Every structure is written in C-alpha cells, then in structure tokens.
Amino acid sequence: MLNFSDVTEFILLGLTSHKEWQVLFFFIFLMVYIITMVGNIGMIVLVKVSPQLRSAMYFFLSHLSFVDVWFSSNITPKMLENLLSETKTISYAGCLVQCFFFIALVHVEIFILAVMAFDRYMAIGNPLLYGSKMSRVVCMRLISFPYVYGFLTSLAATLWTYGLYFCGKIEINHFYCADPPLIKIACAGTFVKEYTMIVLAGINFTYSLTVVIISYLFILVAILRMHSAEGRRKAFSTCGSHLTAVVIFYGTLIFMYLRRPTEESVEQGKMVAVFYTTVIPMLNPLIYSLRNKDVKEAMHKVISRIRL
C-alpha cells in the first residue's frame, strides 16, 4: 500500500488510445485553447480600455474571463502534451497542483456567476440606485469572496486527496487529475475523500445556485412590473447571456461531481469534462459578446481606433 507521497507519477489514459484520434484531438484542442486565450484575454483588455464598460457587470465579467484563462491553462497544456507523448505521465506533485487549482477555480467560477446574478438583480430591480449600491468598494468586496472561499475550500479538498492510498495501480482513467478517477484507483482513504467531495460539491453548488435562482425570481418580478416593452426586451437580453453560461456550467459540473465514482460514471464524466474544461471557457466570451450590445459597440470602437 503506497501513500500519495510515495507515488512518483501517474499515467493519464486520456480520451482515447487510438493514435490517429490523438493527433486529431491535439489539433482540435490546440485550436480551442488558442480561441479561449484570445477571447478571454481580449475581453479583459476590452473591459479595461472601454469607458462604456466600466459598470459592475463588466467588472465581474472581466474576472470571469480571468478565471477561465487559468481554468483552461490548468488542464489543456498537459492534455495537449500527453496527446503527442508516448509516456502520458504526470508527477504526483503536478497531479496535486492540478487538483488544487481545478477545485479552486471551479468554486471561484460558480460564486462569480452567483455574484453576477445578484448584480443583474440590482441593475434591473433598482436601476436608480444601482450606481451607488454597486460602488467600486462593494464590487471589490463581492469579488473577493469567491477567490478567498474557493482557494480555502480547495486547500481542504486537496489535503483529503493527499490522504488517499494506492496499491500500485497508478493509471488514471482521465485526461487530467480529477477526484472521481483518483478515488476509483485508490485502495484506502477513499471514504472520507468521496463523501467530503460529494458534500462539499452539494453544499457549494446548492448555495451558489440558490443565490442565482432567488436573484432571477426577483428579476422576473421586476420585469413583469415594467410597463415598457423595450425595457422588458432589454432586461431579458441582458440576463440571457448570464443564464446561458449558468445552465451550461452548472449542468456539466453537477453531472460530474454529485455522483459516486464508478467505472461508468468516470467514463461518462471524462466526456463531460471535455466540455467544461475546454469548451465552456471558449464559449463564455462568445456568449457575452455576441448577445451584448455594449460589448459589440466597444469592440467596434477599439477596432476602429486600431485601424486609424
């Protein structure tokens, strides 16, 4: 029986064992990663340089893009390396670090999405007081919570991962170090890790999702009280991008982490993980830019300035 610290490396089995598919996946995910980096870094820069994007909504959006940059960078480069590598290994330290940042960034993102829902309620429910209620100081306090709480939660969860024991089997049926496949190959220390993973995921997803749902219930009431059809259309348009991001992100994570790890769930989770580790970070800036008039106008102005 080997402690986590006695294991020098793990073998990541990845998405497929077929060589031809590995090469194809390499180019697909490389392109997705490049688009993700360009889109999210572009969103951060756009919010920074555009005067019309100085409201709280875009401040939180820039932080969502910042998290997506790190979220994707924590997983994709190693996945790309292993797709072309014969060994497909990750060191035990690298595995722990990947676990730590993955759990931290997931929690940061779900609570940023909750904060963004609250911000939309303040903008639509109290438009006259929005500027004063959502001041820079308030925004800094609201955005601090996801980071502090997310990284503290991840520290505790990673320490429980460190307590797993392995009996020589070091092949992880995944393309990154995720908790469910690690629990599946461990031979001791799994009880505490498995149930703390489910409880923590359940509590945090439920709490953040409750904030989102309550915020949108109040938003719906505020919209129904509006007399202007144009005002209602604009309110629905503003919330549409955020709701799309919430449904996609929460749906995939709940499918992955609120079930006990089994061979079938780990295999299914691997396919779902592709979506939330690579595709969602790429989609977020597209969702918010294509459905948002202010962002599109800011992009046109920046492009016009560059051309001049």
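The residue numbers shown here count from 1 along each chain, following its written sequence. For this predicted model, a pLDDT threshold of at least 70 governs which residues receive local features, and a threshold of 80 or more governs which side-chain atom pairs are given and counted, while totals over whole chains, interfaces and linings are taken from all residues. Hydrogens and water are ignored here; the side-chain numbers use all heavy atoms of the structure.

J.: Just checking my understanding: could you explain the overall build of the protein for this structure?
T.: A run of H or I in DSSP becomes a helix once it reaches four residues, and a run of E becomes a strand once it reaches two; helices and strands are each numbered from the N terminus. In terms of helices and strands, the protein carries 10 helices and 5 strands. Both definitions apply: the radius of gyration is a C-alpha atom measure, and the globule rule equals 2.2 Å times residues to the power 0.38. In terms of overall dimensions, the protein is globule-like: its C-alpha atoms have a radius of gyration of 21 Å, near the 19 Å expected for 308 residues. Seen through its principal axes, the protein has C-alpha atoms that stretch 65 × 45 × 30 Å. Taking all 308 residues of the protein together, 51% fall into the buried category. Here a residue-residue contact requires only that any non-hydrogen atoms of the pair lie within 4.5 Å. For the protein, long-range pairs separated by at least 24 residues make up 80% of all intrachain contacts whose partners lie at least 6 apart in sequence. Computed by Shrake-Rupley with a 1.4 Å probe, the accessible areas treat only the displayed protein chains as cover when residues are assessed. As presented, the protein carries roughly 14,900 Å² of accessible surface, and 70% of it is formed by carbon and sulfur atoms. As used throughout, the charge tally considers Lys and Arg to be positive and Asp and Glu to be negative, leaving His and the chain termini uncounted. For charged residues, the charge sits on one atom: NZ in Lys, CZ in Arg, CG in Asp, CD in Glu. Of the side-chain charges in the protein, 25 are positive and 17 negative, and the distance between the mean point of each set is 15 Å. Only protein chains enter the accessibility calculation, which uses a 1.4 Å probe. A residue is then buried if its area is under 20% of the maximum for its type, exposed if over 50%, and partly exposed in between.

J.: Looking at this model, I keep getting lost on the state of the cysteines. Mind explaining?
T.: In a disulfide, the sulfur atoms of two cysteines are held together by a covalent bond. Note on terminology: pairs of cysteine sulfur atoms within 2.5 Å are recorded as disulfides. The full count for this structure, using the stated rule, is 1 disulfide. The structure places no disulfide on C99, whose sulfur is separated from the nearest cysteine sulfur, that of C95, by 4.7 Å.

J.: How do you make sense of the nonpolar core when you look at a structure like this?
T.: Generally speaking, soluble globular proteins have nonpolar side chains that are buried together. Throughout this description, the term nonpolar core refers to a set of buried Ala, Val, Leu, Ile, Met, Phe, Trp, Tyr and Cys residues connected via side-chain atoms within 4.5 Å. Ranked by size, the top nonpolar core spans 68 residues in total, and within it F60, L113 and Y276 carry the most contacts. Elements with a contribution of two residues or more to this core: α1 (19–49), α2 (56–83), α3 (92–125), α5 (136–162), α7 (190–224), α8 (229–257), α9 (263–290) and α10 (293–307). Here this core takes 16 residues from α3, the largest share from any one element. By size, the runner-up hydrophobic cluster in this structure holds 13 residues, among which are V7, F10, L12 and C177.

J.: Which parts of the structure should I look at to understand the UniProt feature "transmembrane region" (unreviewed entry) in the protein?
T.: The sites that UniProt annotates as "transmembrane region" (unreviewed entry) are residues 23–46, 53–71, 91–118, 138–160, 198–223, 235–258 and 270–290. Between the end C-alpha atoms of residues 23–46 there is a gap of 34 Å, over a span that is 100% helix and 0% strand. Taken end to end, residues 91–118 is 96% helix and 4% strand, and its first and last C-alpha atoms sit 41 Å apart. UniProt positions are given in the numbering used here, feature names are shortened, and annotations may be inferred rather than shown by experiment.

J.: Explain α1 here, please?
T.: Note that an α-helix has 3.6 residues per turn; residues three or four places apart therefore point the same way. Helix length check: α1, at 31 residues, gives a terminal C-alpha distance of 45 Å against a target of 45 Å (1.5 Å per residue), a fit within 8%. Taken together, the buried positions of α1 are occupied by Q22, F26, F29, V32, Y33, T36, M37, N40, M43, L46 and V47. Multiplying one less than the number of residues by 1.5 Å gives the expected span of a helix.

J.: Help me understand the pattern of salt bridges, please; the structure alone is not making it clear to me.
T.: Proximity of charged atoms lets side chains of opposite charge pair with each other. For this document, the term salt bridge refers to a Lys or Arg side-chain nitrogen within 4 Å of an Asp or Glu carboxyl oxygen. By the definition in use, this model includes 4 salt bridges. In this structure, K19 and E86 form a salt bridge, with 3.1 Å as the shortest nitrogen-oxygen distance. Residue K19 is located in helix α1, and its partner E86 is located in the loop between α2 and β3 (89–91); the two are separated by 67 residues in the primary sequence. We classify E86 as exposed; its relative accessible area is 64%. The partner of D119 in a salt bridge is R120, with the nearest N and O atoms 3.0 Å apart.

J.: What's the story with the packing of aromatic side chains in this structure? I'm lost.
T.: Aromatic ring pairs: the centre-centre distance and the angle between the two ring planes describe each pair. Side-chain rings of Phe, Tyr and Trp, where Trp is taken by its six-membered ring, are said to pair if the distance between their centres is within 6.5 Å; with planes under 30 degrees apart they count as stacked, over 60 as edge-to-face, and otherwise as tilted. Per the stated rule, a full pass over the model turns up 21 aromatic pairs. Between the aromatic rings of F66 and W70, the centroid separation amounts to 6.4 Å while the plane-to-plane angle is 70 degrees, which identifies the pairing as edge-to-face. Here W70 and F66 lie together in helix α2, a separation of 4 residues that amounts to about one turn. Taking 5.9 Å as the distance between ring centres and 40 degrees as the angle between the ring planes, the aromatic pair formed by F102 and Y276 counts as tilted. Within this pair, whereas F102 is found in helix α3, its partner Y276 is found in helix α9, the two being separated by 174 residues in sequence. Like F102, the residue Y276 is buried in the burial classification. Cluster of aromatic residues (ring-pair linked, three or more members): F71, F102, F175, Y176, F249 and Y276.

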